[in-house]
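# Breakdown of the fold
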Amino acid sequence: PPPKVRATHPDCSVVLYFQEQEAECLEIIRSESQTPAPPGSPAQQGCLTEWDGVSCWSAVPVGQSRAVTCPNIHVFKKSKVLIWRNCTESGWSFPSPPYYRACELEAIGSNNNTEAKASYFVTMKVLYTCGYSTSLAALFLAIGIFTCFRKLHCTRNSIHIHFFTSFVLRGAAVFIKDAILFSDESIDHCTMSTVNSKAAIAFFQYSVLANFYWLLVEGMYLQTLLLLTFTSDKRYIWWYILIGWGVPMLTVCVWVVTRLQYDNHGCWDDYSSQYWWVIKAPILLAIFVNFLIFLNVTRMLAEKIRSPDISKNYKQQYMRLTKSTLLLIPLFGVHYVVFALFPEHIGVDARLYFELVLGSYQGFLVSLLYCFLNGEVQAEIKRNWGKWQSSMESNVFNLATQDFTA
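What you see is a predicted model; the values in this text were computed from it and never measured. (Residues numbered from 1 in each chain as written. Predicted model: local features only at pLDDT ≥ 70, side-chain atom pairs only at ≥ 80, totals over all residues. Heavy atoms only, no water.)

## Observations concerning the state of the cysteines
Counted under the stated rule, the structure contains 3 disulfides. The partner cysteine of Cys25 in its disulfide is Cys56, sulfur to sulfur 2.1 Å. The disulfide joining Cys25 to Cys56 has a torsion of about 75° about its S-S bond and is therefore right-handed. Pair noted here: Cys25 is in helix H1 (residues 10-34) and Cys56 is in strand E3 (residues 56-57), with a separation of 31 residues, a long-range link. Given a relative accessible area of 1%, Cys25 falls into the buried group. A relative accessible area of 24% places Cys56 in the partly exposed class. The partner cysteine of Cys70 in its disulfide is Cys103, sulfur to sulfur 2.1 Å. (Disulfide = S-S within 2.5 Å. Helix = DSSP H or I, 4+ residues; strand = E, 2+ residues; numbered from the N terminus. Buried < 20%, exposed > 50% of the residue type's maximum accessible area, 1.4 Å probe, protein only.)

## As for helix H6 (residues 195-227)
Since the α-helix turns once every 3.6 residues, residues separated by three or four places project in the same direction. When the terminal C-alpha atoms of H6 are compared, their 47 Å separation across 33 residues agrees well with the 48 Å that a helix rising 1.5 Å per residue should span. Burial analysis of H6 places 26 of its 33 residues in the buried class, which makes it a mostly covered element. (Expected span 1.5 Å × (residues − 1).)

## Some remarks on the sheet that holds strand E6 (residues 83-88)
The sheet built from 3 strands is open, its strands ordered E5-E6-E7 with antiparallel pairing. Pairing within the sheet leaves two strands with one partner each, and these edge strands are strand E5 (65-68) and strand E7 (91-92). As paired strands, E5 and E6 are joined by 4 bridges and run antiparallel to one another. Bridge pairing links Arg66 to Arg85 in E6. (Pairing = 2+ DSSP bridges.)

## Let's talk about the packing of helix H5 (residues 155-181) against helix H7 (residues 236-262)
Helix-helix packing is described using two parameters, namely the angle between the two axes and the distance between the axes. Two elements in contact, H5 and H7, have axes separated by 11 Å at closest approach and are oriented at 15°. Classified by the interaxial angle, the pair formed by H5 and H7 is roughly parallel. In this structure, H5 crosses over H7, and the sense of that crossing is right-handed. Here Thr155, Ser158, Ile159, His162, Thr165, Ser166 and Leu169 of H5 come into contact with H7, specifically with Ile237, Tyr240, Ile241 and Trp245. Tallied by class, residues from the contact of H5 with H7 come to 6 nonpolar, 5 polar and no charged. (Axes fitted to C-alpha atoms, helices over the stretch in contact; angles between N-to-C directions. Parallel < 35°, antiparallel > 145°, perpendicular 65-115°, else oblique. Left-handed = near helix turned anticlockwise from the far one by under 90°. Contact = heavy atoms within 4.5 Å. Nonpolar A, V, L, I, M, F, W, Y, C, P; charged D, E, K, R; others polar.)

This is the structure in structure tokens:
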């Protein structure tokens, strides 16, 4: 069979270490119980193999001893002290010296530090919950505006709607993941391996990928408009949809199959596995291509603005259309590229702050730039608001006239 790869959070490595040691010991005990013991062997005249919760003690005859070292994990200081157990006629003796004396724990911080860390994560969760809630409200309102007003129906705004939807999925995925993985404190997250938890993580990874690829589509569409001098072709929309939704779907399917085949443990939320690159590499590719588009669009925009053949209205169109995308392309993914150069355990606090707290408000920022601050949208809202006010005034006048004539 293909080799299995284990990759876990450092906090969970202790739990999984003892689980693996226990499983190996129980397998030895099971094989010994199924194999007839020869006369005079420890299995007949001594102490059987035993798991005491920390170490596995191999079978020995009565009167002999067995020694083990402290568990070789990071929570214990390195020690050369041996722990002994004797095999007596009444069974195994107690470990000498006891584990708590022989195996000294590494300093993991005081209770105050632990409480401060717990408070930090609670504050972090409150902040990103508020951020995603604000973003979802703004995104739903922006999608409603682009959908309800007919004059705003165009290829550009259709792409914006898909981009907004990817943010909605990302926010929903965060809430779903929290509800499934962290809602019940009695559940051991280190050993949690359910279909629901894996599906929640897969959905979260898909929403993140779709987010980056619809940003890529925004950059590609802007570049296409500049190249074609604002001659948009609706046939391209299906290619954009294929890139924005199809590529992430294909990537996540490959990742899910790979995890099921080679690394199917836990709830798949670890980032130290080598198979994490199945997700990470396409994201970095999208950011890199977007950066190239950013440079190319900046060059083309400078050329067109300096060109005497371009009218003032077209120049204003270029500036209005590009300012949002040119701001978003470097804003999205810059921190991702920086953190990608370092291992996952480096700069965890900064990574969490950027990806959870600041990242939770990205949906609000996108809806603000593409919708609420869009002059075309503002003009359409004012026009419809004026029509509604005129209609209301007309209805009030008609009712008053009817009352007067009556």
